[in-house]
Amino acid sequence: MVLPPDTTGFCAVVLAGGRAARLDGADKASVEYLGRTLLEHAIEALLDAAEVVVVGDPVPTTRPVTFTRESPRYGGPVAGLLTGRDALVRVPRTLGVLAVDMPRVTSWTFRRLHEAAAGHDGAFLTDAGGHRQLAGVLDPARLDAVRPDHEGQHGMALRRLLAGLDLVDVPPEGDEGHDVDTWADLRDL
């Protein structure tokens, strides 16, 4: 019998504060897919998390989450991740990050990411082409070790922030590695 990975102490950040320029500026968190908002899909994917912080504007949710915004707004994924991490009440043993525009990511995805991260600094889901997506788990202490100052985090690429960490790339199962950047992406899901 295979036991699920230990997710005790797992907290997560949902990145939902971008401009969505290729979606005509639509609020991605409120965009509907299969009768639910992209934010509801993200929150459901983080079912195992003891605490979830959403970096974006507050919208109604079916599960309790904390909303916060990076300052200044639209600082990019690094600013969002670090702002969300700072807003956590609990001290996480593992920190999840998920872009709100990945509705095919599930709690099973995060269990696989936890399993792959064992003995490493973290693990991230890739798309079918092997490109790292904004769905992963990190050792918060290792994240803190590479954290730039407040001014240095705005506009910084996540790839650059995490470059020195020992991360495992996890290939997608099915289409869980797809994100929604355009209306055509949403239609094609």
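Further up the page is the structure itself.
Below is a summary of the structure that appears in this document. Every value quoted in this text rests on a predicted model; they were computed, and no experiment measured them.

### Quick notes on the pattern of salt bridges
Line of reasoning, step 1. Counted according to the given criterion, the structure contains 13 salt bridges.
Line of reasoning, step 2. The salt bridge partner of arginine 36 is glutamate 44, with a shortest N-O separation of 2.4 Å.
Line of reasoning, step 3. Residue classification places glutamate 44 among the partly exposed residues on the basis of a relative accessible area of 43%.
Line of reasoning, step 4. Across the salt bridge formed by aspartate 169 and arginine 132, the nearest N and O atoms sit 2.9 Å from each other. Of the two residues, aspartate 169 is situated in strand β9 (residues 167–170) and arginine 132 in strand β8 (residues 132–138); the sequence distance between them amounts to 37 residues.
Line of reasoning, step 5. Under the relative-accessibility criterion, arginine 132 is labelled partly exposed at 37%.
Line of reasoning, step 6. If you follow the salt bridges from partner to partner, you end up with Asp57, Arg69, Glu70 and Arg73 in one network.

### A look at the pairing of strand β1 (residues 10–15)
Line of reasoning, step 1. Across the 6 residues of β1, 6 count as buried, placing the element largely inside the fold.
Line of reasoning, step 2. Burial along β1 is two-sided: Phe10, Ala12 and Val14 and Cys11, Val13 and Leu15, pointing in opposite directions, are all buried.
Line of reasoning, step 3. When β1 meets strand β4 (residues 51–55), the two strands line up parallel, connected through 5 bridges. Bridge assignment links alanine 12 to a residue of β4, and that residue is valine 52.

### Some details on unusual backbone geometry
Line of reasoning, step 1. The phi dihedral of leucine 34 falls on the positive side, at around 55°, and the residue is not glycine.
Line of reasoning, step 2. Looking at the secondary structure, you find leucine 34 in the loop between β2 (32–33) and β3 (36–37).
Line of reasoning, step 3. Assessed through its relative accessible area of 65%, leucine 34 is described here as exposed.

### Here we look at helix α1 (residues 38–45)
Line of reasoning, step 1. The buried fraction of α1 is high, at 7 of 8 residues.
Line of reasoning, step 2. Along α1, the residues classified as buried are Leu38, Leu39, Glu40, His41, Ala42, Ile43 and Ala45.

### With respect to the sheet that holds strand β5 (residues 66–68)
Line of reasoning, step 1. An order of β5-β4-β1-β6-β8-β7-β9 is seen for the 7 strands of this open sheet, with the pairing classed as mixed. A strand with exactly one partner marks an edge of an open sheet, and here the two such strands are β5 and β9. Here the strands of the sheet are splayed against their neighbours by 25° on average, with no regard to which way each runs.
Line of reasoning, step 2. Along the sheet face, helix α3 (residues 107–117) touches β1, β6 (94–99), β7 (122–126), β8 and β9 and points at about 135° away from the line of β7.

### Describing the pairing of β6
Line of reasoning, step 1. Counting buried residues along β6, 6 of its 6 residues qualify, which places the element largely inside the surrounding structure.
Line of reasoning, step 2. Both faces of β6 are covered, namely the face carrying Thr94, Gly96 and Leu98 and the face carrying Leu95, Val97 and Ala99.
Line of reasoning, step 3. As paired strands, β1 and β6 are joined by 6 bridges and run parallel to one another. Across the sheet, phenylalanine 10 pairs through a bridge with threonine 94, a residue of β6.

### Observations regarding the side chain of arginine 85
Line of reasoning, step 1. Looking at the secondary structure, you find arginine 85 in helix α2 (residues 77–87).
Line of reasoning, step 2. If near-sequence neighbours (up to four positions away) are discounted, arginine 85 is found in contact with Val13, Pro92, Leu95, Pro140, Asp144 and Arg147.

### Re the nonpolar core
Line of reasoning, step 1. Counting 31 residues, the largest nonpolar core has Val14, Leu39, Leu46, Leu98, Val105 and Phe110 as its most contacted members.
Line of reasoning, step 2. Where this core is concerned, the elements lending two or more residues are β1, α1, β4, β6, α3, β7 and β8.
Line of reasoning, step 3. In terms of residue count, the dominant contributor to this core is α1 (5 residues).
Line of reasoning, step 4. In this view, leucine 46 contacts Phe10, Ala12, Val14, Val52, Arg63, Leu98 and Phe110; residues no more than four positions away in its chain are not counted.

### As for the layout of surface pockets
Line of reasoning, step 1. Counted as a void, the second largest pocket has a volume near 280 Å³.
Line of reasoning, step 2. Of the residues belonging to the lining of the second largest pocket, the class tally is 6 nonpolar, 2 polar and 2 charged.

### Focus: the side chain of glutamate 70
Line of reasoning, step 1. Along the chain, the position of glutamate 70 falls in the loop between β5 and α2.
Line of reasoning, step 2. Judged by relative accessible area, glutamate 70 falls into the buried class, the value being 4%.
Line of reasoning, step 3. A polar atom in the side chain of glutamate 70 sits 3.1 Å from the backbone nitrogen of glycine 75.
Line of reasoning, step 4. When residues no more than four places from it in sequence are discounted, the contact partners of glutamate 70 are Gly17, Val55, Gly75, Gly76, Ala79, Thr83 and His154.

What counts and what doesn't
- Residues numbered from 1 in each chain as written.
- Predicted model: local features only at pLDDT ≥ 70, side-chain atom pairs only at ≥ 80, totals over all residues.
- Heavy atoms only, no water.
- Salt bridge = Lys/Arg side-chain N within 4 Å of Asp/Glu carboxyl O.
- Buried < 20%, exposed > 50% of the residue type's maximum accessible area, 1.4 Å probe, protein only.
- Helix = DSSP H or I, 4+ residues; strand = E, 2+ residues; numbered from the N terminus.
- Pairing = 2+ DSSP bridges.
- Axes fitted to C-alpha atoms, helices over the stretch in contact; angles between N-to-C directions.
- Contact = heavy atoms within 4.5 Å.
- Core = buried A, V, L, I, M, F, W, Y, C linked by side-chain atoms within 4.5 Å.
- 1 Å grid on protein atoms, 1.4 Å probe; cavity = no way out; pocket = protein on both sides within 12 Å on 5 of 7 lines; lining within 4 Å.
- Points joined across faces, edges and corners; volume = space filled by probe spheres on them.
- Nonpolar A, V, L, I, M, F, W, Y, C, P; charged D, E, K, R; others polar.
- Polar contact = N/O pair within 3.5 Å; in protein donor to acceptor, adjacent residues only side chain to side chain.

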